[in-house]
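# Observations on the model geometry
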Amino acid sequence: MSATLLAAAAEAAGHQQYPAGCLYVVATPIGNLADLSLRALHVLQLVDAVACEDTRVSGQLLRHFGLHKPLLAVHEHNEREAAGGVVSRLLAGERVALVSDAGTPAISDPGARLVAAVQQAGLRCMPVAGASAVAAALSVAGDTKALGFRFLGFLPVKGDARKQALQGLVGQAQTQVLYEAPHRVEALLDELALLAPTQPLTMARELSKQFEQVLTLPVASWPAQAGEMARQGQLRGEFAWLLHAAPPVADEGIGPAAERLLAALLPHLPLKQAAALVAEHCGAARNAVYARALEMKQQAD
């Protein structure tokens with residue numbers, strides 16, 4: 001079966017150029033092994049070595065598909081030093097694949113330092129797209145109001161850094177994507193319930209695996225839901241949390257007092273000076289006053 005699959009991968013993906021001296025950044029499954037693309041499989045059988053986060057995890061993946069490659073440990077504790085060895089291999093004309101334990105390297109997982117070192121050496125990096133927990137979670141969140149998204153990974157565990165990170169999630173126009181360890185999920189939800197009780201929050205748990213769950217509720221409902229999940233033994237596995245975009249704040253203009261003062265000053269002062277005086281006197285936002293002054297000037301003309 002493995003030989004047949006490798007042959008199919010070569011047939012499907014082998015027509016593209018795969019230059020020597022290149023780092024191939026390969027996405028691997030986040031759970032379901034069937035999500036490994038044929039192109040990724042072809043690259044993994046083509047390369048001379050595989051740089052990986054955990055040699056045990058990646059070795060098992062390669063053996064599942066009948067592949068045996070030299071494995072180079074490149075993880076968060078040695079990435080800076082290990083990058084030099086990978087660059088030396090590439091300069092010697094080898095092809096090297098970079099993989100993480102699951103998903104796309106350098107997104108929360110190690111890899112960015114290695115990629116930067118390879119680029120600084122004037123060598124090529126080629127992405128081999130595939131599974132990503134961030135993209136998968138976003139695709140099923142259904143956040144129709146979001147203006148893009150912001151990926152935060154794991155928040156600081158405690159102290160002022162955590163408090164500031166949590167406060168920074170609230171009221172944003174983008175979907176806020178974060179990960180959390182199972183033993184801290186209930187604390188996270190209690191904290192968010194105080195900060196943004198009405199904003200929708202999507203849980204994406206165990207994506208692509210047997211016990212996958214995706215659920216969206218108002219933040220205020222999540223502490224009770226998490227308690228029920230804990231009683232059922234479901235607070236385990238890999239969690240992504242997506243705080244939906246906050247509703248836009250209604251535009252209330254610059255206020256009637258500022259409007260009247262602006263109307264009185266504009267015929268007698270340059271627009272910029274009039275806007276600055278009104279903003280200072282009325283405590284209004286300078287940009288909003290200037291924008292309104294432009295509108296009034298255009299209407300008068």
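Residues numbered from 1 in each chain as written. Predicted model: local features only at pLDDT ≥ 70, side-chain atom pairs only at ≥ 80, totals over all residues. Heavy atoms only, no water.

Along the polypeptide, Gly-111 turns up in the loop between strand 4 (96–99) and helix 5 (112–120). Under the relative-accessibility criterion, Gly-111 is labelled buried at 1%. Note: C-alpha distance between Gly-111 and Arg-80 (31 residues apart in sequence) is 9.8 Å. Once residues lying within four places of it in the same chain are set aside, the contact partners of Gly-111 are Glu-79, Leu-98 and Ala-106. (Helix = DSSP H or I, 4+ residues; strand = E, 2+ residues; numbered from the N terminus. Buried < 20%, exposed > 50% of the residue type's maximum accessible area, 1.4 Å probe, protein only. Contact = heavy atoms within 4.5 Å.)

In terms of residue burial, strand 10 (residues 239–243) counts as a mostly covered element, since five of its five residues are buried. Residues Phe-239, Trp-241 and Leu-243 of strand 10 are buried on one face, and the alternating residues Ala-240 and Leu-242, pointing to the opposite face, are buried as well. In terms of strand pairing, strand 7 (residues 175–180) meets strand 10 through five bridges, oriented antiparallel. Considered in strand 10, the bridge of Tyr-179 is made with Ala-240. Examined bridge by bridge, strand 8 (residues 200–205) and strand 10 share five bridges and lie antiparallel to one another. Across the sheet, Ala-204 pairs through a bridge with Ala-240, a residue of strand 10. (Pairing = 2+ DSSP bridges.)

It is the contact of helix 8 (residues 185–195) with helix 9 (residues 222–231), at a shortest axis distance of 9 Å, that shows an interaxial angle of 165°. Comparing the axis directions of helix 8 and helix 9 gives the class roughly antiparallel. For the element pair helix 8 and helix 9, the recorded crossing hand is left-handed. Facing helix 8, whose interface residues are Glu-186, Leu-189, Asp-190 and Ala-193, helix 9 presents Trp-222, Pro-223, Ala-226, Gly-227 and Ala-230. Split by residue class, the contact of helix 8 with helix 9 holds six nonpolar, one polar and two charged. (Axes fitted to C-alpha atoms, helices over the stretch in contact; angles between N-to-C directions. Parallel < 35°, antiparallel > 145°, perpendicular 65-115°, else oblique. Left-handed = near helix turned anticlockwise from the far one by under 90°. Nonpolar A, V, L, I, M, F, W, Y, C, P; charged D, E, K, R; others polar.)

Attention now goes to the side chain of Asp-143. Relative to the helices and strands, Asp-143 is located in the loop between helix 6 (133–139) and strand 6 (149–154). Lys-145 provides the closest opposite charge to the buried, salt-bridge-free Asp-143, at an N-O distance of 6.6 Å. A distance of 2.7 Å separates polar atoms of two side chains, one belonging to Asp-143 and the other to Thr-175. Those residues in contact with Asp-143 that lie beyond four places of it in its chain are Thr-175, His-244 and Ala-245. (Lys, Arg positive; Asp, Glu negative; His and termini not counted. Salt bridge = Lys/Arg side-chain N within 4 Å of Asp/Glu carboxyl O. Polar contact = N/O pair within 3.5 Å; in protein donor to acceptor, adjacent residues only side chain to side chain.)

The volume enclosed by the largest pocket comes to roughly 840 Å³. What lines the largest pocket is a set of 37 residues, and nearest its centre among them are Ile-30, Asp-101, Ala-102, Lys-209 and Glu-238. The element best represented in the lining of the largest pocket is helix 3 (residues 55–64), accounting for five residues. Looking at the lining of the largest pocket residue by residue, the class counts come to 18 nonpolar, 11 polar and eight charged. (1 Å grid on protein atoms, 1.4 Å probe; cavity = no way out; pocket = protein on both sides within 12 Å on 5 of 7 lines; lining within 4 Å. Points joined across faces, edges and corners; volume = space filled by probe spheres on them.)

The next thing to look at is the nonpolar core. Core analysis: the largest hydrophobic core is formed by 23 residues, its most contacted members being Tyr-24, Val-26, Leu-41, Val-43, Leu-44 and Val-50. The next biggest cluster of nonpolar side chains, apart from the first, holds 19 residues, and it includes Leu-169, Ala-193, Ala-226 and Leu-235. (Core = buried A, V, L, I, M, F, W, Y, C linked by side-chain atoms within 4.5 Å.)

Attention shifts here to the packing of aromatic side chains. Counted under the stated rule, the structure contains five aromatic pairs. When the centroid spacing of 5.6 Å and the interplanar angle of 65° are considered together, the rings of Phe-154 and Tyr-179 count as edge-to-face. Taken together, the residues Phe-154 in strand 6 and Tyr-179 in strand 7 connect sequence positions 25 residues apart. What makes Phe-154 partly exposed here is its relative accessible area of 44%. Relative to Trp-241, the ring of Phe-239 has its centre 5.8 Å away and its plane inclined at 0°; by these criteria the two rings are stacked. Through pairs of rings, three or more aromatic residues link up here, namely Phe-151, Phe-154 and Tyr-179. (Phe/Tyr/Trp six-rings, centres within 6.5 Å; stacked < 30°, edge-to-face > 60°.)

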